[in-house]
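Listed below are the residues making up each chain.
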Amino acid sequence: WLPTTPQPRRSFSELMASRSFYEKTHDLIMNNFDTQYVVGRIDIEKFKIVNDVFGAEEGDLLLKYLATKIKHYVQDFGTYGRLDADIFAVCFPWSLNNVERFVNYMQTQVKEYPLEFDVIPCFGFYIVDVVTLPVDIMCDRANLALRTIKGNYVKSYAIYDDRLRRSLIEEQSIVSQMNSALESGQFEFYLQPKCSIDTGNIVGAEALVRWRHPMKGLISPGKFIPVFEKNGFILKLDVYIWESVCKLLRQWIDEGRQPMPISVNVSRINLYNPKLCDILIGLVEKYQLEPYLLELELTESAYTENEKLLVSIIERLRGYGFRILMDDFGSGYSSLNMLKDVAIDVLKIDLNFLRNSAQSERGQKILQATIRMAQSLDLPVIAEGVETREHVDFLLRSGCMFAQGYCYSKPVPIEEYERKVSESQIKSSKAKKQEQL
């Protein structure tokens, strides 16, 4: 059994409509054991825009039109209903051909609707393999499939399978343990060195969160970060990592070391936290740190979501003394506007944003032009994803001074990073003595 997906509060009429669909579909399935059925969920991409631009009345007309077309197609051999707002559900005999015919039919009907706006339906389907499963859970499973292709204008439908079920179970396990994991200190950070390309010496590091589970060992960030970004827990985790880094920097200073800056990631959702700047300023004051030691990495995509908010946050933080690194530069569609509008300190370019860029002549030229542009703005560039000697040679020829990637070091525990820094400093000291000789 899997719990249903939480739903927003609905009106009485909507609740009755969905209940009617559940009851009719249950009866259809239970009275036809010799037929396998599929439950489908239909959602309209960005339906809110229709209401905002054309008015609620036009939105209602569109929904009535869709309801009529769905009824016309399904009523002779299945069930149909409206679950909520722009969400419809259907149930009809399962075959891949039946699913594709229905999807094609609906896409055609939507295109014929007279509206100066691209109305795009997307579909999720659950093949009924357990007839005793409550129909609302069948709809939830169809919704899980639908969510995998939301925003994907190439693939218009998806079918629920065991992979999605396992993914949901795993997600629920993560959510159920996240608070206790934070309280018991299971989250930690590794440090990935940033190096001078010319000398190979370490010039700083990026803190990357890891979850050391007592039973499962290290859990990949790719499994839990998307879940935390979706449910908002990333707000707590960000602050926890920021403070952990500040504690480490303070420890190094107290031990008589001269720490190099460590950059931390600021999740996009945290930009909407009205206390963000106060939290960061409060942390460096609490641990009596120079703000430049705690570098802040923001992604370029944050600019496209809320330009004015991002600019105001960066202005305040830079005014206090923080250094701002723009991560994933070039991966979005507003790179030039972002450079024009946002005052930052460092650009980070991921070599993966152009596939095989170090081998492709076209990719090389684009990267070289980006590096030259940054140099003209007096912006240092850090290349991420540097994995081979060919990458290093290309970056040196292009004038890029700093790099981060497996060619230099993977993310490592704090103790190993400290050892690498000591080795780097010894190497640098020997090189200086040789120059003096």
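Report follows, based on the coordinates. Just so it is clear, the structure is predicted and the values come from calculations on it, not from any experiment.

### Considerations on the pairing of strand β13 (residues 381–384)
Okay, so step 1: Of the two faces of β13, the one holding V381 and A383 and the one holding I382 and E384 are both buried throughout.
Okay, so step 2: Where strand β12 (residues 346–350) and β13 come together, four bridges link them in parallel fashion. Looking across to β13, one finds that I349 is bridged to A383.
Okay, so step 3: The sheet contact formed by β13 and strand β14 (residues 402–404) spans three bridges and is parallel. Its bridge partner being in β14, A383 is matched across the sheet by A403.
Okay, so step 4: Following the chain from β13 across helix α14 (residues 389–398) to the adjacent parallel β14, one finds a crossover that is right-handed.

### Quick notes on helix α8 (residues 234–254)
Okay, so step 1: Its 21 residues place the ends of α8 30 Å apart at the C-alpha level, agreeing with the 30 Å of an ideal helix rising 1.5 Å per residue.
Okay, so step 2: Within the sequence span of α8, burial applies to I234, L237, D238, I241, W242, S244, V245, C246, L248, L249, R250 and W252.
Okay, so step 3: G256, located one to two residues past α8, shows a positive phi value of around 90°.

### Section: the environment of R318
Okay, so step 1: When you line up the elements, R318 lands in helix α11 (residues 307–320).
Okay, so step 2: A residue is classified by how much of its surface remains accessible, and R318, at 32% relative accessible area, is partly exposed.
Okay, so step 3: For the pair formed by R318 and L276, sequence separation is 42 residues and the distance between their alpha carbons is 13 Å.
Okay, so step 4: If we ignore the near neighbours within four places in the chain, the residues touching R318 are I324, A343, I344 and D345.

Calculation rules
- Starting afresh in each chain, residues are numbered from 1 along the sequence in its written order.
- A pLDDT threshold of at least 70 governs which residues receive local features in this predicted model, and a stricter bar of 80 or more applies before side-chain atom pairs are shown or counted, although totals over entire chains, interfaces and linings include all residues.
- Note: side-chain values were computed over all heavy atoms of the structure, leaving out hydrogens and water.
- Burial status follows relative accessibility: with a 1.4 Å probe on protein chains alone, a residue under 20% of its type maximum counts as buried, one over 50% as exposed, and anything between as partly exposed.
- Comment: elements are numbered from the N terminus, with helices defined as DSSP H or I runs of at least four residues and strands as E runs of at least two.
- Pairing between two strands requires that DSSP report at least two bridges joining them.
- Crossover handedness is defined here as right-handed if the route from the first strand over the helix to the second strand goes clockwise, with the strands pointing away from the viewer.
- What a helix should span is 1.5 Å times the count of its residues minus one.
- By definition in these notes, contact holds between two residues if any of their heavy atoms fall within 4.5 Å.

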